[in-house]
Amino acid sequence: AQSVTQPDIHITVSEGASLELRCNYSYGATPYLFWYVQSPGQGLQLLLKYFSGDTLVQGIKGFEAEFKRSQSSFNLRKPSVHWSDAAEYFCAVGAMETGRRALTFGSGTRLQVQP
Amino acid sequence: ETGVTQTPRHLVMGMTNKKSLKCEQHLGHNAMYWYKQSAKKPLELMFVYNFKEQTENNSVPSRFSPECPNSSHLFLHLHTLQPEDSALYLCASSKAPSGSIEQFFGPGTRLTVL
């Protein structure tokens, strides 16, 4: 079974600073990896995904993530954070076993942006 | 309407009430999911439906009863809930079974059980 760890429960950065949110996964085969963002009182919005190919993937809102197989990581980055990026971020890994299609989510990282 | 919609957005109910949550997807997907999101807990997958058939039930108590009349609609019927059932209930959809695994989420229903 797959699992996802987001080591940082809460992160605070200053507006304009760079951001990196960590995600480590455990899965036996090639994973399908996702980052979602959730604003307060809202559902989850897909930021970006990795299925195969280029290990650096670009997403919406200026986010990118890099898949590193050797480290079982899929960290999310943004070069300059905006106040509107304050939200909770979830990393997820997808399983494609026959007969079951499911995402396993990490516990989330809450991002606070200081002016 | 586009994407995945959920109604109501907020619901307050007593432990003896019966209520239903509704989810509708306008994406042409064939798989639908119910998740429970409680404070300080990871997202919990409750039920999965593929082409209207339930394919996964993650040991959810029987006081939660899902219904999927067609590939576009998903309901969660609630009865005799407990205060610990208070949470944000999220619906999601995806292509199934051979399409992309990515899931699209609705805005959720915030449920409070008194």
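Residues numbered from 1 in each chain as written. Chains lettered and ligands numbered in written order. Predicted model: local features only at pLDDT ≥ 70, side-chain atom pairs only at ≥ 80, totals over all residues. Heavy atoms only, no water.

Caption draft 1: Spatial organisation of the interface of chain A and chain B. Listed by partner, the interface residues are 22 residues for chain A and 22 residues for chain B. Between chain A and chain B, the buried area comes to about 1700 Å², and carbon and sulfur atoms account for 53% of it. Put simply, chain A and chain B have one salt bridge between them. Two residues, B:E102 and A:K49, come together in a salt bridge whose shortest N-O distance is 2.3 Å. Counting across the chain A and chain B interface gives five residue pairs in polar contact (both at pLDDT 80 or more). Elements that contribute at least two residues to the side of chain A that touches chain B include exactly strand 5 (32-38), strand 6 (44-50), strand 10 (87-95) and strand 11 (102-105) of chain A. Looking at the side of chain A that touches chain B element by element, the count peaks at four residues for strand 5 of chain A. (Contact = heavy atoms within 4.5 Å. Buried area = accessible area lost by both parts, 1.4 Å probe. Salt bridge = Lys/Arg side-chain N within 4 Å of Asp/Glu carboxyl O. Polar contact = N/O pair within 3.5 Å; in protein donor to acceptor, adjacent residues only side chain to side chain. Helix = DSSP H or I, 4+ residues; strand = E, 2+ residues; numbered from the N terminus.)

Caption draft 2: Examining the layout of surface pockets more closely. Taken as a whole, the largest pocket encloses approximately 440 Å³ of empty space. Lining the largest pocket are 20 residues; nearest its centre among them are A:E88, A:R110, B:Q37, B:A39 and B:K40. Broken down by class, the residue content of the lining of the largest pocket amounts to five nonpolar, ten polar and five charged. (1 Å grid on protein atoms, 1.4 Å probe; cavity = no way out; pocket = protein on both sides within 12 Å on 5 of 7 lines; lining within 4 Å. Points joined across faces, edges and corners; volume = space filled by probe spheres on them. Nonpolar A, V, L, I, M, F, W, Y, C, P; charged D, E, K, R; others polar.)

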